[in-house]
Amino acid sequence: MRLILLGPPGAGKGTQAQRLVARYGLVQLSTGDMLRAAVAAGTPVGLKAKDLMAQGALVPDEVVCAIIADRIAEPDAHNGFILDGFPRTVGQAEALDAMLKDRKLGLDAVIALKVDEDALLARVEKRVAEMAARGEAVRADDNAEALKKRLDAYRAQTAPLIDYYGGKGTLSVIDGMAAIDAVERAILAILKGKTGKPASGKAKPASKPGKKAAKVAKRAGKRTKAAKKVKKTKKSTVAKAAKAKSAGRAIGTRKGGRKADSKGTRKAVSARRSVAKKRAGTARRTAKKTAKRKSGRR
Ligand code: ADP
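This structure is a prediction, so every number in the text was calculated from the model and none was measured.

Engineer: I keep staring at the sheet that holds strand 4 (residues 109-114) and nothing clicks. Help me out?
Structural biologist: Backbone-to-backbone hydrogen bonds pair the strands of a sheet. The strands run either parallel or antiparallel. In spatial order, the strands read 2-3-1-4-5; together these five strands make up an open sheet with parallel pairing. If you trace the sheet from one side to the other, it starts and ends with strand 2 (27-30) and strand 5 (171-175), each paired once. Across the sheet, the axes of successive neighbouring strands diverge by a mean angle of 20 degrees, strand direction being ignored. Where strand 1 (residues 2-6) lies against strand 3 (residues 81-84), four bridges are found, and the strand directions are parallel. Within strand 3, the position partnered with Leu3 by the bridge is Ile82. Running at roughly 160 degrees to strand 5, helix 9 (residues 180-195) makes contact with strand 1, strand 4 and strand 5 of the sheet.

Engineer: Looking at this structure, how should I read the packing of aromatic side chains?
Structural biologist: For any pair of aromatic rings, the description consists of the separation of the ring centres together with the inter-plane angle of the planes. A full pass over the atoms with the stated rule returns one aromatic pair. Considering the side-chain rings of Tyr164 and Tyr165, the 5.0 Å spacing of their centres and the 90 degrees angle between planes classify their relative orientation as edge-to-face. Residue class for Tyr164 comes out buried when judged on its relative accessible area of 18%.

Engineer: Explanation requested: the site of the ligand in the structure shown.
Structural biologist: Near the ligand you find 19 residues, and of these Thr31, Arg36, Ala57, Gly85 and Arg150 are the closest. A distance of 2.8 Å separates an oxygen atom of the ligand from a polar side-chain atom of Arg36. Between the ligand and Gln92 there is a distance of 2.9 Å, counted from a nitrogen atom to a side-chain nitrogen or oxygen. Starting from 540 Å² of accessible surface for the ligand in isolation, the protein chains cover 96%. Here the residues of the shell around the ligand are counted per class, giving eight nonpolar, four polar and seven charged.

Engineer: What's the story with the side chain of Gln16 in this structure? I'm lost.
Structural biologist: Relative to the elements of secondary structure, Gln16 occurs in helix 1 (residues 13-24). Residue Gln16 is classed as buried on the basis of its relative accessible area, which comes to 3%. The residues touching Gln16, leaving out its near neighbours within four places in the chain, are Leu5, Ile180, Val183, Glu184 and Ile187.

Engineer: For this particular structure, what's the right way to read unusual backbone geometry?
Structural biologist: In terms of backbone geometry, most residues other than glycine have negative phi values and most peptide bonds are trans. The amide bond that connects Phe86 to the next residue, Pro87, takes the cis arrangement and shows omega of -5 degrees. Tracing the backbone through its elements, the reader meets Pro87 in the loop between strand 3 and helix 5 (90-102). Phi angles above zero are rare outside glycine, and Lys104 is one such case at about 55 degrees. Mapped onto the secondary structure, Lys104 falls in the loop between helix 5 and strand 4. Residue classification places Lys104 among the exposed positions, given a relative accessible area of 77%.

Engineer: How should I be thinking about helix 7 (residues 144-158) in this particular structure?
Structural biologist: Residues three or four positions apart in an α-helix share a direction because the helix packs 3.6 residues into each turn. Between its first and last C-alpha, helix 7 extends 20 Å over 15 residues, near the 21 Å set by a 1.5 Å rise per residue. If you check which residues of helix 7 are buried, you get Ala146, Leu147, Arg150, Leu151, Ala153, Tyr154 and Thr158. Angularly, the buried residues of helix 7 cover 160 degrees about the axis, an arc narrow enough to put them on a single face. Facing away from the buried side of helix 7 by more than 90 degrees, the exposed set consists of Ala144, Glu145, Lys148 and Ala156.

Engineer: Can you walk me through the nonpolar core in this structure?
Structural biologist: For soluble globular proteins, nonpolar side chains are generally found buried alongside one another. Grouped together as the largest cluster of nonpolar side chains are 29 residues, with contacts concentrated most on Ile4, Leu29, Ile68, Phe81, Leu83, Leu96 and Tyr165. Setting aside residues up to four positions removed in sequence, Phe81 forms contacts with Met1, Arg2, Leu3, Leu26, Val27, Leu29, Ile72 and Leu100. Ile82, Ala119, Ile187 and Leu188 belong to the second largest nonpolar core, which has 22 residues in total.

Rules of the game
- Residues numbered from 1 in each chain as written.
- Predicted model: local features only at pLDDT ≥ 70, side-chain atom pairs only at ≥ 80, totals over all residues.
- Heavy atoms only, no water.
- Pairing = 2+ DSSP bridges.
- Helix = DSSP H or I, 4+ residues; strand = E, 2+ residues; numbered from the N terminus.
- Axes fitted to C-alpha atoms, helices over the stretch in contact; angles between N-to-C directions.
- Contact = heavy atoms within 4.5 Å.
- Phe/Tyr/Trp six-rings, centres within 6.5 Å; stacked < 30°, edge-to-face > 60°.
- Buried < 20%, exposed > 50% of the residue type's maximum accessible area, 1.4 Å probe, protein only.
- Near = heavy atom within 4 Å.
- Polar contact = N/O pair within 3.5 Å; in protein donor to acceptor, adjacent residues only side chain to side chain.
- Areas by Shrake-Rupley, 256 points an atom, 1.4 Å probe, with all protein chains shown as cover.
- Nonpolar A, V, L, I, M, F, W, Y, C, P; charged D, E, K, R; others polar.
- Expected span 1.5 Å × (residues − 1).
- Arc of directions from axis to C-beta.
- Core = buried A, V, L, I, M, F, W, Y, C linked by side-chain atoms within 4.5 Å.

Structure (structure tokens):
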């Protein structure tokens, strides 16, 4: 599965991406995280990105596109990925289309989180406070001034992607102001509709109780519903077979074109028994007569 999470800074893309990673076993490709790692490691990419990021401006398209092209070629991305923070411009979206086309891949969904701008500053402030409380380094761009620039960049360069993907029919817009769990449920519903796959982290829909399930349960020493049902079925099958045997017919055979009901079976049993009795009586009498005749001859 390949999907894009779109939304302004503080919309909750990272939070939702992490939940999807856990559920679907996808990799989260966050260009923000990758660039921060490059800055921390002092790589050539990091050196180019450092000041732009701190100001809240975007890093040039060719830099981020090169990072993403390398990253999606790695083996762990073959199972699918969530793009978080990329693409951020129409140029990046076009470059992504070309990358995917080269690999004969497509996008399953583009999900935009719609959030009130007034709420974003409060969210970012909360994140800063939480990170500081955990003793983590606060992001260089998580301050009111840089956030304003990030929002400007979002409006001017990233928001046009809503139309870009809307025109392609891949876009779904959801309410990013809802509680985290509710946003997650909305995303899962979209993904289920697009891919037909339920989230793997959740219990699968109960399958019909079958022999296999019962065997597994037996091995585990458990008596599950499935195990009980199979045992019950076995018992009733054995009972039916015994009944059918005494009635002199194979189980499941039809009597007069109709499946024998219990009444029919009882009738058949008594009829057969009386025939058998009569035959036994006749045979006994015949045997006696023959024996008499033989002894008279002697
Ligand atoms: P947020 O979504 O909270 O703004 P990110 O971690 O996604 O934060 O990005 C932080 C910064 O990294 C951005 O403000 C920008 O400078 C840079 N950046 C991240 N992704 C991209 C991208 N796709 N294109 C250009 N710059 C990017």
